[in-house]
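Secondary and tertiary structure notes
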Amino acid sequence: MKKTQLLILGYSSFLKRRVIPAIKKMKNIEYCICSKSNKINLEEKILFKDYDTALSKTTVDIVYISLINSLHFKYAKKALTKGLNVIVDKPIAVSLHETKKLLQIAKKKNLLLSEANLYNYHNVFDKIIKLCKGVENISHIQSNFNVPLIKNPKEIFNIKGDCVMDMGPYAASIIRLFTDNKIKKLKVFKEYFKSVDAVKSFFILAKLKNCTYFGNFGFDKEYVSQITFFTKNKIILSPQRTFALPSNKKVTILLKENNKIKKININKDDCIQNFFKRILYALRNKNFKNFYDNLLNDAIVREKINSF
């Protein structure tokens, strides 16, 4: 079987820790890397140091863009224009306008365009939806995703990587995945760094047709990463580290019903491998509509968040 050729632009720590190990286990993908900050290394498959050179000198099926946010649109547009399928780390672009431009090119050329918002490809969410007996029975959702501040606020501002840019995709995808997706009212409260015009944390409250959603996201607090789902008679807590679930161990859901708490173990799963399997399936069938729809939907919600 012919392997899918993947060019990766960038070599982030997340890419090293999670994405590359997942891809290595997939026999039908072959990859190479372009990294400006690392030396050429054949063993690590770092073959290029210049992004434009890598795009012009390789014959690949997909380009995975794992660069700073401010470069996402530039290189996604270049790759699409060259006729290449494209995956981009979240956020796919910094505005709805840019996202629409990329979608216009992808649709015209019938190319894959996807955002690598990966957490929801873990099978734990299938189990949660089954426990809720469908998303239509979810009456309220709360998400908490906070991390300690590790970057300088000025750097965050320069790369367009503040909390709304980095975590807004999670808020948008939660609304798309687990609600009826029909926002009636939306409120967003933001806290800014004192030194630069960049969002340090934000809180979102959305009223939908059959559900409410509250999200708490921040760069400056003790680490927490979890989603709580409420139905009429159940409370279901997703595993800790929900937005970055490990691939090498079982995880645990907590179900509270009739004032009793039950632990439910979920077999280990790799959301990144599942994502790429979905990508390969779409490429075989040349059907990218679901990816296009998800991108546009999430970009619209993020634009609403940005407007507050």
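Look a little higher up for the structure.
Attention in this report is confined to the structure presented alongside it.

Cut-off values and rules
- Going along each chain's sequence as written, the residues are numbered from 1 onward.
- Where totals are concerned, whole chains, interfaces and linings use all residues; where local detail is concerned, this predicted model gives features only for residues with pLDDT of at least 70, and gives and counts side-chain atom pairs only at 80 or more.
- Only hydrogens and water are removed before side-chain values are computed, so all heavy atoms of the structure are retained for them.
- Axis lines are fitted to C-alpha atoms, over the contacting stretch for helices. Their N-to-C directions set the angle, which ranges from 0 to 180 degrees.
- A helix here means a DSSP run of H or I that spans at least four residues, while a strand means a run of E at least two residues long, and both kinds are numbered starting from the N terminus.
- What sets the label is the angle itself: under 35 degrees gives roughly parallel, over 145 gives roughly antiparallel, 65 to 115 gives roughly perpendicular, and the rest give oblique.
- Handedness of a crossing is defined here by the sense of rotation of the near helix relative to the far one, left-handed for an anticlockwise turn of less than a right angle and right-handed for a clockwise turn.
- Throughout, a residue-residue contact means that at least one pair of heavy atoms, one from each residue, lies within 4.5 Å.
- Note on residue classes: Ala, Val, Leu, Ile, Met, Phe, Trp, Tyr, Cys and Pro are nonpolar, Asp, Glu, Lys and Arg are charged, and everything else, Gly too, is polar.
- We treat two strands as partners when DSSP finds at least two bridges between them.
- By convention in these notes, a salt bridge is any Lys or Arg side-chain nitrogen within 4 Å of a carboxyl oxygen on Asp or Glu.
- Classification of residues uses two cut-offs on accessible area relative to the type maximum, computed with a 1.4 Å probe and protein chains only: under 20% is buried, over 50% is exposed, and between them is partly exposed.

**A closer look at the packing of helix 7 (residues 163–178) against helix 9 (residues 289–306)**
Relative to each other, helix 7 and helix 9 sit at 120°, their axes nearing to 9 Å. By the angle between their directions, the pair helix 7 and helix 9 is classed as oblique. In this structure, helix 7 crosses over helix 9, and the sense of that crossing is right-handed. Mapping the contact onto sequence places Val164, Met165, Gly168, Pro169, Ala171, Ala172, Ser173, Ile175 and Arg176 in helix 7 and Asn294, Asn297, Asp298, Val301, Arg302, Ile305 and Asn306 in helix 9. For the contact of helix 7 with helix 9, the class distribution of residues is eight nonpolar, five polar and three charged.

**Section: the sheet that holds strand 5 (residues 85–89)**
As summarised here, the arrangement of the six strands in space is 3-2-1-4-5-6, forming an open sheet in which the pairing is parallel. Taken across any chain shown, the strands that pair with only one partner, and hence form the sheet edges, are strand 3 (46–48) and strand 6 (113–116). Taken pair by pair, the neighbouring strands of this sheet meet at an average axis angle of 30°, ignoring direction. Pairing of strand 2 (residues 29–34) with strand 3, which is carried by two bridges, proceeds in the parallel orientation. In the strand pairing of strand 3, Cys34 is matched with Phe48.

**Details of the pattern of salt bridges**
A complete count under the given rule lists seven salt bridges for this structure. When the shortest N-O distance is used, the salt bridge between Lys78 and Asp52 registers 2.5 Å. Of the two residues, Lys78 is situated in helix 3 (residues 72–81) and Asp52 in helix 2 (residues 51–57); the sequence distance between them amounts to 26 residues. Judged by its relative accessible area of 31%, Asp52 is partly exposed. A cluster of three or more residues bridged by salt bridges with shared partners is formed by Lys200, Asp220 and Lys221.

**Some remarks on the sheet that holds strand 12 (residues 234–237)**
As summarised here, the arrangement of the eight strands in space is 8-9-10-7-11-12-13-14, forming an open sheet in which the pairing is mixed. Bordering the open sheet on either side are strand 8 (183–192) and strand 14 (260–266), each of which pairs with just one other strand. The sheet shows a mean angle of 10° between the axes of neighbouring strands, taken without regard to direction. Pairing of strand 13 (residues 251–257) with strand 14, which is carried by seven bridges, proceeds in the antiparallel orientation. Of the residues in strand 14, the one forming a bridge with Leu254 is Lys263. Set on the sheet, helix 7 makes contact with strand 7 (140–146), strand 8, strand 9 (199–208), strand 10 (212–218) and strand 11 (224–230); between it and strand 9 the angle comes to about 15°.

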